[in-house]
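If you want the building blocks of each chain, they are given just below.
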Amino acid sequence: MNPIIAILKEHNVSDEKINQLFQALTDNPLMAMGIVGQLGIPQEKLQQLMALVMQNPALIKEAVLELGLDFSKVEAAKAQLQK
């Protein structure tokens, strides 16, 4: 299991919320940040999760693919943010 998804599940985040988070990430990364804030994950775990993603950004792609979402939308959103 992807470590991002594992940390979310460790904090009793439902599959529905995980899918919602990654769907938001593929559609609108800024909205995804708001969802992360509502998950109730302790700050130290959230920092650990963010460090994990910063060290290995490919984990996001793995999680998106594991959940059966379209990674090309993540790439398009990233390109739009860089404009």
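Shown above is the structure to which this text applies.
A. Representation of the nonpolar core in the model. In terms of nonpolar packing, the biggest core is built from 25 residues, with I4, L8, L21, F22, L39 and V64 touching the most fellow members. Those elements giving two or more residues to this core turn out to be α1 (3-10), α2 (15-27), α3 (29-37), α4 (43-55), α5 (58-66) and α6 (71-81). Ranked by residues supplied to this core, first place goes to α2 with 5 residues. Once residues lying within four places of it in the same chain are set aside, the contact partners of I4 are F22, L49, V53, L59 and I60.

B. Seen up close, the environment of H11. Position of H11 relative to the elements: it lies in the loop between α1 and α2. Take H11: its relative accessible area is 22%, and that puts it in the partly exposed class. In sequence terms H11 and Q38 are 27 residues apart; their C-alpha atoms lie 12 Å from each other. When sequence neighbours within four positions are dropped, the list of residues in contact with H11 reads I41, P42 and K45.

Conventions used here
- Residues numbered from 1 in each chain as written.
- Predicted model: local features only at pLDDT ≥ 70, side-chain atom pairs only at ≥ 80, totals over all residues.
- Heavy atoms only, no water.
- Core = buried A, V, L, I, M, F, W, Y, C linked by side-chain atoms within 4.5 Å.
- Buried < 20%, exposed > 50% of the residue type's maximum accessible area, 1.4 Å probe, protein only.
- Helix = DSSP H or I, 4+ residues; strand = E, 2+ residues; numbered from the N terminus.
- Contact = heavy atoms within 4.5 Å.

These figures capture arrangement, not role.
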